[in-house]
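Remarks on the overall topology
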Amino acid sequence: MSGTILHPEGKPLAGATVTIVYAEAGISKTTLSQSNGSFLVPNLRVCGPYKVTASFVGYGKKTEDDIILELGRNTAVDFTLETRYWQPHGCNGNG
């Protein structure tokens, strides 16, 4: 399985966390995207369903469910993560 993690403007997100889970088979793999936003997790068991989640600090998490892997084929799962706006709670700037 491979894919690319992108910023909303289409720029690659290096260091994004990608987690791949096939719960029924007890498979859970985590990797980080490379400088060009790509990730690769080779030698996964065929079939599925796999659940793939991508996340990065300051961006929302995205998940693709029900990914089925076929023997001899690479499955690409690409994500564009949306910017998450954060506001501190209970802070009004008045000291």
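Residues numbered from 1 in each chain as written. Predicted model: local features only at pLDDT ≥ 70, side-chain atom pairs only at ≥ 80, totals over all residues. Heavy atoms only, no water.

Before going further, it helps to examine the overall build of the protein chain. When its secondary structure is counted, the protein chain shows zero helices and seven strands. Its helices and strands in sequence order give the protein chain the pattern β-β-β-β-β-β-β, from N to C terminus. Buried positions account for 29% of the 95 residues belonging to the protein chain. Nonlocal contacts in the protein chain, meaning residues at least 24 apart in sequence, comprise 50% of its contacts between residues at least 6 apart. Approximately 6400 Å² of the protein chain is accessible, and the part contributed by carbon and sulfur atoms is 50%. (Helix = DSSP H or I, 4+ residues; strand = E, 2+ residues; numbered from the N terminus. Buried < 20%, exposed > 50% of the residue type's maximum accessible area, 1.4 Å probe, protein only. Contact = heavy atoms within 4.5 Å. Areas by Shrake-Rupley, 256 points an atom, 1.4 Å probe, with all protein chains shown as cover.)

The two faces of a sheet get side chains in turn, since along a regular strand they alternate between them. For strand β2 (residues 17-22) and strand β3 (residues 27-32), the ladder comprises six bridges, and the chain directions are antiparallel. Along β3, the bridge assignment pairs Thr17 with Leu32. Turn length for the β2-β3 hairpin, with the two strands adjacent in sequence and antiparallel, is four residues, and the turn residue Gly26 shows positive phi of about 75°. (Pairing = 2+ DSSP bridges.)

As a further point, take the pattern of salt bridges. In the structure shown here, the tally under the stated rule is two salt bridges. Notably, a salt bridge pairs Glu9 with Lys11, separated by 3.6 Å at the nearest N-O pair. In this structure, Arg73 engages Glu70 in a salt bridge whose closest nitrogen and oxygen atoms are separated by 3.4 Å. (Salt bridge = Lys/Arg side-chain N within 4 Å of Asp/Glu carboxyl O.)

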